[in-house]
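Now for the letters of each chain:
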Amino acid sequence: VSPSIFFQPEIVYETDDRADRLTFEPFVRLDAHDDRRTHGDLREASWLHQDERWDLVIGISKVFWGVTESRHLVDIINQTDQVEDIDIEDKLGQPMIQFTLLRDWGSLGLFVLPGFRERTFPDDNARLRGPFPIDVDSPSFEANAKAAHVDYAIRWAHTFDEWDLGLAYFYGTSRQPRFLVRVQPGGQMVFVPRYDLVHQTSLDLQYTHEAWLWKVEAITRSGQGPTFFATVAGVEYTLFQIWESSADLGLLTEYQYDGRDTNPSIAPFTLNDNDLFLGTRLTLNDEQDTAFLAGTTIDIGSGTTLLFVEAERRLSDHWKLEIESRLFPNVPSRKFAAGFKNDGFITTRLNYFF
C-alpha cells in the first residue's frame, strides 16, 4: 500500500465581457514511498485574450492534440509528468506564447515555447521503474542552450462536414528522451536522459458518421536516429441505450505502428511498435456521471500484454471516486519493459472539490 495526497486548485478570473481570463493552477503531491513523486508544478499560470478573429495565450499552459484512445502520437507541446502515472496522460505546464487565427478556413495556431521541461521519472527503488536507475541530475542536451532552447510549433485545424482534421509541425527539443548508458565509479549501470532536437510533422483525423468514429494519428520525426514514421489508426462504435436503459456502450479497436530504431540509446523507447488495442467504454448517463473504460494492448510480435481498467463515479456535489488498475500479465523477460511485469497495481482515488 502506497498512500499519497495531492492538492490542485484552479483559480480563474474572467472579465465581464469574457474577453480576458487569468488562470492559476498549481499542483502539489506528497508521496509516502517515492521521493521523486513528491513534487510540485505550475500546471497553468496564464492570460488568455479572446477576439472574434484571434486568441492569444501568454504564460504557462497546457495544450492537447490528438483523437485516438490508446496512444497520443501527435501530442508534443507539454512534457509528460511520468511520476504521476504510466499512461503518459499527465502533463507538466509549459511556458508559451500561443497566437491563434480564427477564420472560415480553420484555425491556425502559432506557438513559441521558451524553456524546456525535463521528463520526471520514478525513484531508483520505486515501482514502475526501468531496468536501470535513471540519472535525472545529469541530462544531456543536443541544443547548445540546453533547457533554455526556444521551441516552435504551428498547427492548422478545421472541421468540415463530418471530418475533423489537424496538421502540425514542431521543431525543438524532444519531449521523449533516449537513454545513454553510463557506468558510475562504483560499477553501477545507469541511464542518462538525452534530449535531442527534432523535427516532427503530424496529422490527426477523425471521421464521424452516425454511431461510428474513425480515427487516425500519424507522425514523421527526424533527429533521433533515422527518420521514422509512426501511426495509430482505429475505430469506435457506440451502442446507444443498451438493454433499453440510458447507458451507452462503446467498442474500440486500434492498431499501433512505430518504425523508430529499437535501440533505446539511438531513439526513445516505446512499447507501441506493432500492437493491437481492444477496449470498451460504458457510460451510464446517470446523475452520478458513472463511467467505465477497459482495454488491453497486445504486441503482435512478442505477445506482451498490458491490461487496464478505469472507473469513476460522483458521490456528491463535492466528492468523486476513481478506481484505476494496470496489469502486466505477459511481459517476456528479454524485453526492455520486463521490470514492469511484477508491478501491476490498483489505485483508488478520492477527490474532494470545493
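Remember, predicted model here, so these are calculated numbers, not experimental data. (Residues numbered from 1 in each chain as written. Predicted model: local features only at pLDDT ≥ 70, side-chain atom pairs only at ≥ 80, totals over all residues. Heavy atoms only, no water.)

### Description of the overall build of the protein
- A tally of regular secondary structure across the protein gives 0 helices and 21 strands.
- Relative to a compact globule of 354 residues, whose C-alpha radius of gyration would be 20 Å, the protein shows 21 Å and is just as compact.
- Counting the 354 residues in the protein, one finds 43% classified as buried.
- Considering only contacts within the protein whose residues lie at least 6 apart along the sequence, 53% involve residues at least 24 apart.
- A total accessible area of about 18,500 Å² is found for the protein, and carbon and sulfur atoms account for 57% of it. (Helix = DSSP H or I, 4+ residues; strand = E, 2+ residues; numbered from the N terminus. Rg over C-alpha atoms; globule rule 2.2 N^0.38 Å. Buried < 20%, exposed > 50% of the residue type's maximum accessible area, 1.4 Å probe, protein only. Contact = heavy atoms within 4.5 Å. Areas by Shrake-Rupley, 256 points an atom, 1.4 Å probe, with all protein chains shown as cover.)

### Regarding the pairing of strand β16 (residues 248–258)
- Both strand β15 (residues 228–239) and β16 contribute to a ladder of 10 bridges, which runs antiparallel. Note that in β16 the partner of G234 across the bridge is E254.
- Across 10 bridges, β16 lies against strand β17 (residues 274–283) in antiparallel orientation. Within the sheet, the bridge partner assigned to Y255 lies in β17 and is L276. (Pairing = 2+ DSSP bridges.)

### Brief notes about the environment of F121
- You can see F121 is positioned in the loop between β7 (106–114) and β8 (140–141).
- Expressed as a C-alpha distance, the spacing of F121 and P332, which sit 211 residues apart in the sequence, is 23 Å.
- In this structure, F121 is in contact with R36, Q82, V83, I134, V136, P177, F179, P193 and Y195, ignoring residues within four places of it in sequence.

### A look at the pattern of salt bridges
- Within the structure shown, the criterion is met by 30 salt bridges.
- Close ionic contact of R117 with D41 constitutes a salt bridge, the shortest N to O distance being 3.0 Å. Residue R117 is found in the loop between β7 and β8, and its partner D41 is found in strand β4 (residues 39–50); the two are separated by 76 residues along the sequence.
- Among the ionic pairs, R43 bridges to D81, the shortest N-O distance being 3.0 Å. Of this pair, R43 sits in strand β4 while D81 sits in the loop between β5 (54–61) and β6 (94–103), placing them 38 residues apart in sequence. (Salt bridge = Lys/Arg side-chain N within 4 Å of Asp/Glu carboxyl O.)

### Brief notes about the nonpolar core
- W65, I77 and F111 are the most contacted members of the largest nonpolar core, which has 17 residues in total.
- A per-element tally of this core places β15 first, with 3 residues.
- Discounting residues that sit within four places of it in the chain, W65 has contacts with V74, D75, I76, I77, F111, A153, R155 and A168.
- Residues F116, I134, F179 and Y195 belong to the second largest nonpolar core, which totals 7 residues. (Core = buried A, V, L, I, M, F, W, Y, C linked by side-chain atoms within 4.5 Å.)

Just distances and angles here, no functional claims.
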